[in-house]
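Chain residues, written in single-letter form:
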Amino acid sequence: MLDADTLSILTESAKYDVSCSSSGSKRANGKGGLGNASVGGICHSFTPDGRCISLLKILMSNECVYDCAYCPNRLSSNVKRASITPDEICNLTINFYKRNYIEGLFLSSAVSGSPNRTMELLTETAIKLRKQYNFNGYIHIKGIPHADEALALKAARYADRMSYNIELPSERSLKLLAPQKTKDSLVSPMKRLRAAILCDRENAARRGALLPAGQTTQMIIGASPESDGQILRLTEYLYRHMGLKRVYYSSYIPVVRSPLLPSVPAGLLREHRLYQADWLIRFYGFDVNELCGEGENLDTDLDPKCAWALKNMHLFPVEINSAPPEMLLRVPGIGAKGAYKITEARRFCRLDFDNLSKMHIVLKRAKHFITCKGKFYGAEGNAARAALLIAGRSDSGECNQQLSLFSDRENAVSALTGEL
Amino acid sequence: MKIFLTDGTTTGFYTAVFDSYRENGAVITSRKNMQLAFDTEIVNVAADAEKATRVRNKLDKLDRYAAGDVDLALRSDDSLKEQTSFEYIKLIVKSGRAVRRQLSVPAVIEMSEIIGRVTGELHKMKGFLRFMETESGALYAPYAPDNDITDLIAPHFKARFGQQRFAVHDVKRKKAALCDGKTWFMAEVGDADIYISEYEKIFEDLWRKYYVSVNIGERPHEKQMKGYMPVRYWKFLPEKNGFYDDKT
Ligand code: SF4
């Protein structure tokens, strides 16, 4: 049986992989099997840093032949090394799953030996879990760059989700900080998997069997000089052209000392703003050009929707009783749930300001951008801007490092997803 | 003012709706320790299946999902659950049809909030419930939810566990969902005599170790953790206490 030290070594470094979500798949249990996947995803615990634990995130090995500057497990680093076998992982996964500690497994690995050998071991583990251990819970497999694409396609038949991490937001930074990984070694397998998924979805008999929860990726923010505008353009490309389900941003923490890297952490506020912008692009029909110019960064004082609205005051205020749903979504402070409540309620009666507050629509920001039955309750122009800045400041508190940013309920939901 | 005091059952509630319908300003509750004003009169409601069925039938005709809403609301620990459900039913009868989408009407807002807290806890517990393996290989999960949700959560675990035997035990309400690997049913269970497997401690310790090692220590944010995972649930989470330690 796996000992506690090995477990610590192999999970310590997997923790910086932020994609913990277990959502997007609805795998059913089979006869004599254990487990299924829940579409909405389930959080099983929360750590003192406020993050959700949903999956057992573990490395197969942390012995690496690559030498990425930012990584504590790089070849030239002097850390304790450990590896475990596919059976040990299966056993641990099954036992954690039975006790309802986790939704499933997130299996990754350093490049141990060769990329192909590493990918083979990951694939073997997924196959064992499904076939030998009859496990139907969630499996996320990390793709190993430079491994044979046939291996990736094989793993995709057994996993719910796969991810190749872009790592850094530009090819230049990748060359500098992760010299053995090339853009092509990350993007080309993503494309192959994308094509395979599309083909699989069209095949009526097999529909959805291949990576039902799709692909995701992750990049480190603040270790390299790219602007938010560049990052969000890459993000938009990944969603619209690569069909990714999620792009994760991991705010840089200096775990490793290197002349190539900043010595201070990037701060969570920037990461948070990127998630907010990401949300607007995915769900609210925003185009990246509306949010942030190519070389620009997002406003730190205002959330991206507020910042956009203040630049577009000619579109406001909108009348709550008649504005189309897509316009309601663009009102600062009104999210998908709020817009839904409003469009439902107004079918039955015309809504006034009092109705909205009873419906728990948060009006702190929204009131500057709406009218109710023709009446306006907010401030105009610069006064609105000032009021929003003050509202924003009370949210971000000392901001950057210590996030009282997520202290109220409204912001707490947003903290996990960037929902606005 | 008249207060209709029920026995806390669904039948009792519908009976009270029947009995109080023509009274002006009647209140329905199952709470025994209420502060009473001088002019209140308490009516003890004897649950009556026939009266309850008549109310149900009428309600089903107007909105066939309303009884489902009431069922969820009555599982709540909210002291106003009966009254809120009563107001909701009165509104349906008055309107002559379903009202759940009228999201600006106070009776609908209150009802959907009570229901939201019940289904919200149901979802959370799908994550926070913790099973222990017994000597005989069954899985046992004790917990103390705010709302009465055990028979709602059981199907979720039945689907996951397949032929595995398991029990979900609400120690506060002294009831449990028991599954023999084929079907599951509800039973009254007070104190359970459980013999935990000798391996249990190994996995609990590994889990605790995992919990500690995935935390990013540089970014403490306890307040958010407690917001998502309220302290009252910790008693049953091995990663948050040594609760099971003293048993083994
Ligand atoms: S490939 Fe790079 S990032 Fe991955 S484990 Fe090795 S050194 Fe670290």
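Below is a summary of the structure that appears in this document. (Residues numbered from 1 in each chain as written. Chains lettered and ligands numbered in written order. Predicted model: local features only at pLDDT ≥ 70, side-chain atom pairs only at ≥ 80, totals over all residues. Heavy atoms only, no water.)

**Concerning the site of the ligand**
Residues and elements named next belong to chain A.
Okay, step 1: Taken together, Cys-64, Tyr-66, Cys-68, Cys-71, Arg-74, Ala-110, Val-111 and Lys-181 make up all the residues around the ligand.
Okay, step 2: Judged by the proximity of its atoms to the pocket grid, the ligand belongs to the largest cavity.
Okay, step 3: For the shell around the ligand, a count of residues per class yields six nonpolar, no polar and two charged. (Near = heavy atom within 4 Å. 1 Å grid on protein atoms, 1.4 Å probe; cavity = no way out; pocket = protein on both sides within 12 Å on 5 of 7 lines; lining within 4 Å. Sits in = over half its atoms within 2 Å of the grid points. Nonpolar A, V, L, I, M, F, W, Y, C, P; charged D, E, K, R; others polar.)

**Describing the packing of helix α1 (residues 4-12) of chain A against helix α7 (residues 200-214) of chain B**
When two helices pack together, their arrangement is given by the angle between the helix axes and by the axis-to-axis distance.
Okay, step 1: In the contact formed by α1(A) and α7(B), the axes pass within 9 Å of each other and the chain directions differ by 30 degrees. Taken together, the axis directions place α1(A) and α7(B) in an arrangement best described as roughly parallel. As α1(A) runs across α7(B), the sense of the crossing is right-handed. In this structure, α1(A) uses A:Ala4, A:Leu7, A:Ser8, A:Thr11 and A:Glu12 to contact α7(B), whose residues at the interface are B:Leu206, B:Lys209, B:Tyr210, B:Ser213 and B:Val214.
Okay, step 2: Of the residues belonging to the contact of α1(A) with α7(B), the class tally is five nonpolar, three polar and two charged. (Axes fitted to C-alpha atoms, helices over the stretch in contact; angles between N-to-C directions. Helix = DSSP H or I, 4+ residues; strand = E, 2+ residues; numbered from the N terminus. Parallel < 35°, antiparallel > 145°, perpendicular 65-115°, else oblique. Left-handed = near helix turned anticlockwise from the far one by under 90°. Contact = heavy atoms within 4.5 Å.)

**A word on unusual backbone geometry**
All names here are of chain A.
Okay, step 1: With an omega of -5 degrees, the peptide bond running from Phe-316 to Pro-317 counts as cis.
Okay, step 2: Note on placement: Pro-317 falls in the loop between α10 (304-311) and β9 (318-319).
Okay, step 3: Backbone geometry at His-360 places phi at a positive 60 degrees, although glycine is not the residue there.
Okay, step 4: Looking at the secondary structure, you find His-360 in the loop between α13 (353-358) and α14 (363-366).

**Observations regarding the state of the cysteines**
All names here are of chain A.
Okay, step 1: Scanning the model with the defined rule gives one disulfide over all chains in all.
Okay, step 2: Two residues, Cys-43 and Cys-52, share a disulfide whose sulfurs are 2.5 Å apart. Between Cys-43 and Cys-52 the disulfide shows an S-S torsion of about -105 degrees. By sign, it is left-handed.
Okay, step 3: A relative accessible area of 11% means that Cys-52 is categorised as buried.
Okay, step 4: This cysteine, Cys-292, is not joined by any disulfide, and Cys-306 carries the nearest cysteine sulfur, 16 Å off.
Okay, step 5: Its relative accessible area of 1% is what places Cys-292 among the buried residues.
Okay, step 6: Free cysteine Cys-349: the closest other cysteine sulfur is in Cys-372, separated by 12 Å. (Disulfide = S-S within 2.5 Å. Buried < 20%, exposed > 50% of the residue type's maximum accessible area, 1.4 Å probe, protein only.)

**Description of the interface of chain B and chain A**
Okay, step 1: Taken residue by residue, the interface counts 49 residues in chain B and 68 residues in chain A.
Okay, step 2: Across the chain B to chain A interface the summed buried area is about 5,200 Å²; carbon plus sulfur atoms make up 57%.
Okay, step 3: Together, B:Arg160, B:Tyr210 and B:Arg219 form the three largest contributors to the area buried by chain B at its contact with chain A, with a combined 15%.
Okay, step 4: Inspection of the region where chain B meets chain A yields five salt bridges.
Okay, step 5: Residue A:Arg99 pairs with B:Glu200 through a salt bridge whose shortest N-O separation is 2.8 Å.
Okay, step 6: Applying the counting criterion to the chain B and chain A interface returns 29 residue pairs in polar contact (both at pLDDT 80 or more).
Okay, step 7: Of all the elements in the fold, those that place two or more residues in the side of chain B that touches chain A are α5 (106-128), α6 (150-161), α7 and α8 (222-228) of chain B.
Okay, step 8: Looking at the side of chain B that touches chain A element by element, the count peaks at ten residues for α7(B).
Okay, step 9: A class-by-class count of the residues in the side of chain B that touches chain A yields 22 nonpolar, twelve polar and 15 charged. (Buried area = accessible area lost by both parts, 1.4 Å probe. Salt bridge = Lys/Arg side-chain N within 4 Å of Asp/Glu carboxyl O. Polar contact = N/O pair within 3.5 Å; in protein donor to acceptor, adjacent residues only side chain to side chain.)

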